[in-house]
Amino acid sequence: MSDKILLLGNGAVARGLYEAGCKFVSSYPGTPSTEITEFAAQYDEIYAEWAPNEKVAFEAAVGASIAGARSFTAMKHVGLNVAADPLFTASYTGVNGGFVIGVADDPAMHSSQNEQDSRHYAIAAKLPMLEPSDSTECLEFTKAAFELSEKFDTPVILRLCTRVAHSQSITALSDRIELPLKEYVKNPQKYIMNPGNAVRRHPVVEQRTFDIAEFAKTSSLNRVEWGDKAIGIIASGASYLYAKEVFGDKASYLKLGIVNPINADMVKDFASKVEELYVIEELDPVIESFCKANGIACHGKDMLPICGEFSQELLKKMLLGEENAVNSYEGNVPVRPPVMCPGCPHRGLFYVLKKLKLTVLGDIGCYTLGGAAPLTALDTTICMGASVSGLHGFNKVRPDSSDKTVAVIGDSTFMHSGMTGLTDIAYNRSVSTVLVLDNHITGMTGHQQNPCTGLTLKNVPVEPIKIEDVCAAVGIKRVRVIDPNDIKETEAAIKEELKVEEPSVIIARRPCALLKKVNYGCKYTVDSDSCKSCRLCMGIGCPAISFKDGKASIDQTLCVGCGLCETMCNFGAIRKVQL
Amino acid sequence: MSTTNIMIAGVGGQGSLLASRVLGALAINKGFDVKVSEVHGMSQRGGSVVTYVRYSEEKVASPVICRGEADFLLCFEQLEAARWIEYLKPDGVLVVNTQKMLPMPVITGAAEYPEGIIDDLKAKGVKVIALDALKLAAEAGSEKAVNIVLIGAFARFCEFSKEEVEACIRSCVPAKFLDINLKAFELGYNA
Ligand SMILES: Cc1ncc(C[n+]2csc(CCOP(=O)(O)OP(=O)(O)O)c2C)c(N)n1
């Protein structure tokens, strides 16, 4: 088979997993890495699952590798922080079946809370890292990563960035190679990382890095493209594409497919043949620092920014001082930020939190949008799980305000790392009130199943894990379930739980309005004669409601019929229309 | 042949991904190299979304389109035309749906939706094809067909024949929505 199709970078990685004979994929979703695992799940030959978090996913994949299967885990850059513990030690144990870790960075933070550069992890954990530029390379490098993993007995990191993960380019497909499980033999010296064994493994890791650097010198994953030798460019990933777009054959390129380890002789050789050397890399000066440490003079962050993503426009401007002629519009263009969808079950809850003027320790998910106008009911967002543990610390030092402070966390995030924070609350007794926003889905990343939803990644029905049971199991005595669309009930429950002198959890349960099973069977309209223009309904920030000619108006194409606005109106002007 | 750049700008949930899929298929069928680039995630939640389609007889390098590079700018909403107009080449073509979708700062009263965007752009010398794609889509049978109406309007000015574009729509759209979409295409083409 040699079909050529337009394939998303993430789809090409999944295809690479399939062709490489990978048998096991465990991941936790995170933009821009999510689709790798979703596509992988479409192959019957691959077992694929959503794990509760990246550490679990990583360790499950390590287990499958030790058992002899080619295995894989994918995550976004911050997910690698969560999985960093097994990362560093899996580097010492090495693999049995090939083991590849897909990690997607997000320069410019299209959908992330920081702009970290995951190449530092490859260096720190002493692991090889490959970086593809387009979908063809996504597929080829994934397969090469498994080869490398087994050849050098090492986990291999495959690094993507948003523009590679989420771009489609033409890719040729091949067949799958079906591999039997490798034999599993007990090998405590390799797999039990106690001090005695680890002391012997560490030099093996150092030697391995040296060997892979030698391999990198001649590997076809790195290549030199000769053009004009006045300018030499070292680049990888999307940066290489932007450089090609700007310089074409008016420069020579050292295109790195293996971004760690780098072979110093190879770089020195390239540098010696060009007049001026530029390192073009997004985010941190990793390759540049390597060059300078090896006495290779180059330009890098003296001309190009550390923050944000690159483009041909940016390179043209910073390196050549050229700018395109553009069209322009002089008026003020209001921003269009993402918002909670019409019918979002988080809306009612945030309305109440704002009304009660609470301090709200937030978390990551669609409900982070509760920090935006007009709801503006969020005080913090750090990382997944930090709402619950953060609330504990906040309340311990400010016990006087624990009746005005809550944490909000989604169902997926609760299973990811909220339940450990809740254990801290229960064990170390802080008077904390945690709100779990259970919309039956992992919403923000585009609707993935999680342990609470009752379905697996492959859509197999399973017994859902009940959040109330988890809370009870860690020792929370006060657990109650409310409907966040019932504003009165929500307000009363929050007030009551804030008053009691013991830990409590309120589960605000209502499914995401975008789920197929959700059908309110009605819409709402405004009877403009009854509308008194009080604007109360505007306070919930529903994108379907606006003011036209001094009266509220509901956009019928946007309204899903959740009815929250009806409960806001004191004049009965908002009316249900049955469909 | 230099690279042709088509930029699609819309609001999360409007179906710009299908439009990019049709355009990508068009270019592939002609044997061009193609890159289609989109950003998923936050932008789906009613935010501003852009998608890039680039094709060429030679290899396309960068996946993105920058300011002053787009040959065509397909806007699913007026305000998005104003937001992204800098990306259109000085002699490029803007195809714009005259529909207005109010962003949250306008809904809350923190900002105003500018009036006369399309006239202002025309006065600046931009080549503008403006149409009420929402109305035409409804006429075709579904408001969701705005994307194909716009592809229809684009088809009048692009290098592909009407038949070629239509064939791609047939290959990209699920069978049960095909009639509606072919009608939407026709209405957009004749608008
Ligand atoms: C460590 C880490 N992994 C993954 C993500 C990506 N991510 C952001 S929010 C989210 C899940 C949100 O789901 P849930 O908590 O159920 O809230 P919802 O969006 O449904 O309201 C994920 C996976 C992240 N930000 N950090």
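This structure is a prediction, so every number in the text was calculated from the model and none was measured.

What to know about the site of the ligand
Residue and element names in this part refer to chain A.
So, point 1. Every one of the 26 residues lining the ligand counts as a neighbour, but Glu54, His346, Asp411, Thr413 and Gly443 are closest to it.
So, point 2. Take Cys366: an N or O atom from its main chain is 2.8 Å from an oxygen atom of the ligand.
So, point 3. Between the ligand and Tyr367, the relevant distance is 3.5 Å, taken from an oxygen atom to a side-chain nitrogen or oxygen of the residue.
So, point 4. Burial of the ligand by the protein chains amounts to 97% of its free accessible area of 590 Å².
So, point 5. For the shell around the ligand, the elements supplying multiple residues, two or more each, are α4 (77–82) and α17 (411–427).
So, point 6. Ranked by residue count, the leading element in the shell around the ligand is α17, at four residues.
So, point 7. Taken together, the residues that form the shell around the ligand break down as 10 nonpolar, 13 polar and three charged.
So, point 8. Both of domain 1 (4–218) and domain 3 (346–509) provide at least three residues apiece to the shell around the ligand.

Considerations on the environment of A:Gly11
So, point 1. Tracing the sequence through the fold places A:Gly11 in helix α1 (residues 9–19).
So, point 2. A:Gly11 gets classed as buried once you look at its relative accessible area, which sits at 5%.

Some details on the packing of aromatic side chains
So, point 1. Taken as a whole and assessed by the stated rule, the structure comprises 12 aromatic pairs over all chains.
So, point 2. Aromatic pair A:Tyr18 and A:Tyr43: ring centres 4.4 Å apart, planes at 15 degrees, arrangement stacked. Here A:Tyr43 lies in the loop between α2 (34–40) and β3 (47–50) and A:Tyr18 lies in helix α1, a separation of 25 residues in the sequence.
So, point 3. Classification of A:Tyr43 as buried rests on a relative accessible area of 17%.
So, point 4. Centroid distance B:Phe32 to B:Tyr55: 5.3 Å. Interplanar angle 10 degrees. Geometry classified as stacked. A residue pair is termed long-range when its members are at least 10 positions apart, and B:Phe32 in the loop between α1 (16–29) and β2 (33–38) and B:Tyr55 in strand β3 (residues 48–56) qualify at 23 residues.
So, point 5. Owing to a relative accessible area of 10%, B:Phe32 belongs among the buried residues under this scheme.
So, point 6. Ring-pair connections join several aromatic residues into one group, and the members of that group are B:Phe32, B:Tyr55 and B:Phe160.
So, point 7. The ring of A:Phe547 carries A:Arg535 above its face, with NZ or CZ at 4.3 Å from the centroid.

Considerations on helix α7 (residues 135–152) of chain A
Residues and elements named next belong to chain A.
So, point 1. A rise of 1.5 Å per residue sets the reference length of α7, with its 18 residues, at 26 Å; its end C-alpha atoms lie 25 Å apart and thus fit the reference within 8%.
So, point 2. Among all positions of α7, only Ser135, Glu137, Cys138, Leu139, Phe141, Thr142, Ala144, Ala145, Phe146, Leu148, Ser149 and Phe152 are buried.
So, point 3. Among the residues of α7, the N-terminal cap falls to Asp134, whose side-chain oxygen and the backbone nitrogen of Thr136 are separated by 3.3 Å.
So, point 4. Asp153 occupies a position one or two residues after α7 and carries a positive phi of about 50 degrees.

Examining the interface of chain A and chain B
So, point 1. On the chain B side, the residues contacting the 54 residues of chain A number 58 residues.
So, point 2. Counting the surface lost from both chain A and chain B, the interface buries some 4,800 Å², and carbon and sulfur atoms represent 59% of this.
So, point 3. A per-residue breakdown of the area chain A buries against chain B is headed by A:Asn327, A:Tyr329 and A:Arg336, which together make up 19% of the total.
So, point 4. Summed over the shared surface of chain A and chain B, the result is five salt bridges.
So, point 5. Its salt-bridge partner being B:Arg54, residue A:Glu245 comes within 2.8 Å of it at the nearest N-O pair.
So, point 6. When residues of the side of chain A that touches chain B are traced back to their parent elements, those giving at least two are β1 (4–8), α8 (162–165), β8 (167–172), α11 (237–247), α14 (312–320) and β20 (545–548) of chain A.
So, point 7. By residue class, the composition of the side of chain A that touches chain B is 25 nonpolar, 19 polar and 10 charged.
So, point 8. Here β8(A) runs beside β2(B); their pairing, made up of three bridges, is antiparallel. Bridge pairing in β2(B) links A:Gln168 to B:Val36.

Here's the deal with unusual backbone geometry
All names here are of chain A.
So, point 1. Note the cis peptide between Asn260 and Pro261, where omega equals -10 degrees.
So, point 2. Between Ala373 and the following residue, Pro374, the backbone shows a cis peptide bond with an omega angle of 5 degrees.
So, point 3. Here the phi dihedral of Thr376 falls at roughly 35 degrees; this positive angle occurs in a residue that is not glycine.
So, point 4. Examined against the element boundaries, Thr376 turns out to sit in the loop between β14 (359–361) and α16 (386–397).
So, point 5. Under the relative-accessibility criterion, Thr376 is labelled partly exposed at 44%.
So, point 6. Residues other than glycine seldom take positive phi values, yet His447 does so here, at roughly 75 degrees.
So, point 7. Relative to the helices and strands, His447 is located in the loop between β16 (433–438) and α18 (467–474).

Cut-off values and rules
Residues numbered from 1 in each chain as written. Chains lettered and ligands numbered in written order. Predicted model: local features only at pLDDT ≥ 70, side-chain atom pairs only at ≥ 80, totals over all residues. Heavy atoms only, no water. Near = heavy atom within 4 Å. Polar contact = N/O pair within 3.5 Å; in protein donor to acceptor, adjacent residues only side chain to side chain. Areas by Shrake-Rupley, 256 points an atom, 1.4 Å probe, with all protein chains shown as cover. Helix = DSSP H or I, 4+ residues; strand = E, 2+ residues; numbered from the N terminus. Nonpolar A, V, L, I, M, F, W, Y, C, P; charged D, E, K, R; others polar. Domains from an automatic or database assignment. Buried < 20%, exposed > 50% of the residue type's maximum accessible area, 1.4 Å probe, protein only. Phe/Tyr/Trp six-rings, centres within 6.5 Å; stacked < 30°, edge-to-face > 60°. Lys NZ or Arg CZ within 6 Å of the ring centre and 35° of its normal. Expected span 1.5 Å × (residues − 1). Contact = heavy atoms within 4.5 Å. Buried area = accessible area lost by both parts, 1.4 Å probe. Salt bridge = Lys/Arg side-chain N within 4 Å of Asp/Glu carboxyl O. Pairing = 2+ DSSP bridges.

Nothing here speaks to function; it is all geometry.
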